[in-house]
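Chain by chain, the residues run as shown.
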Amino acid sequence: MPFTKALEQLQQGKKVVRQSWTSGEQYIIEITDARYQGEAVNPYFLIKTDETPAFSVFQPTSCDILADDWQLVS
């Protein structure tokens, strides 16, 4: 699916990943309710990979945004 559809899925709380990724990327999620020192934080994406036990911040590249190989992760 294109990124526009993947973004809709993320905004519904679902997980997505690109089919072409082969380096251990498990999924992307959107965080919408974060707070820091009592203040709201703007929404952002996190990525879960096989390499680390923790999430990392994910910023899609232009290649990611233009790709049409996004898929849902259950």
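Since the model is a prediction, treat every value here as computed from it, not as a measurement.

J.: Hey, could you run me through the nonpolar core in this one?
T.: Inside soluble globular proteins, nonpolar side chains tend to come together where they are buried. If you look at the biggest cluster of nonpolar residues, it comprises twelve residues: Phe-3, Ala-6, Leu-10, Val-16, Val-17, Trp-21, Ile-28, Phe-45, Ile-47, Phe-58, Ala-67 and Trp-70. Put simply, the parts of the chain that give this core at least two residues each are α1 (3-11), β1 (15-18) and β5 (44-49). Top element by residues in this core is α1. It accounts for three residues. Among the nonpolar cores identified, the runner-up in size contains five residues, and Tyr-27, Ile-31, Ala-34 and Leu-46 belong to it.

J.: What exactly am I supposed to notice about the packing of aromatic side chains here?
T.: Each aromatic ring pair is specified by the distance between its two centres and by the angle formed by the two planes. Enumeration according to the criterion identifies four aromatic pairs in this entry. Their ring planes at 70 degrees and their centres at 5.8 Å tell us that Trp-21 and Phe-58 sit as a pair that is edge-to-face. Of this pair, Trp-21 sits in the loop between β1 and β2 (25-31) while Phe-58 sits in strand β6 (residues 56-58); the two residues are 37 residues apart in sequence, bridging distant segments of the chain. Between Trp-21 and Trp-70 the ring centres are 5.5 Å apart and the planes differ by 75 degrees, which places this aromatic pair in the edge-to-face class. Of the two residues, Trp-21 is situated in the loop between β1 and β2 and Trp-70 in strand β7 (residues 70-73); the sequence distance between them amounts to 49 residues. Assigned by exposure class, Trp-21 and Trp-70 land together as buried. Ring pairs connect the aromatic residues Phe-3, Trp-21, Phe-58 and Trp-70, which therefore count as one cluster. For the cation-ring pair, Lys-15 lies above Tyr-27, with the distance from its terminal atom to the ring centre recorded as 4.4 Å. Its end group placed over the ring of Phe-55, Lys-48 keeps NZ or CZ at 5.8 Å from the ring centre.

What counts, and at which threshold
- Residues numbered from 1 in each chain as written.
- Predicted model: local features only at pLDDT ≥ 70, side-chain atom pairs only at ≥ 80, totals over all residues.
- Heavy atoms only, no water.
- Core = buried A, V, L, I, M, F, W, Y, C linked by side-chain atoms within 4.5 Å.
- Buried < 20%, exposed > 50% of the residue type's maximum accessible area, 1.4 Å probe, protein only.
- Helix = DSSP H or I, 4+ residues; strand = E, 2+ residues; numbered from the N terminus.
- Phe/Tyr/Trp six-rings, centres within 6.5 Å; stacked < 30°, edge-to-face > 60°.
- Lys NZ or Arg CZ within 6 Å of the ring centre and 35° of its normal.

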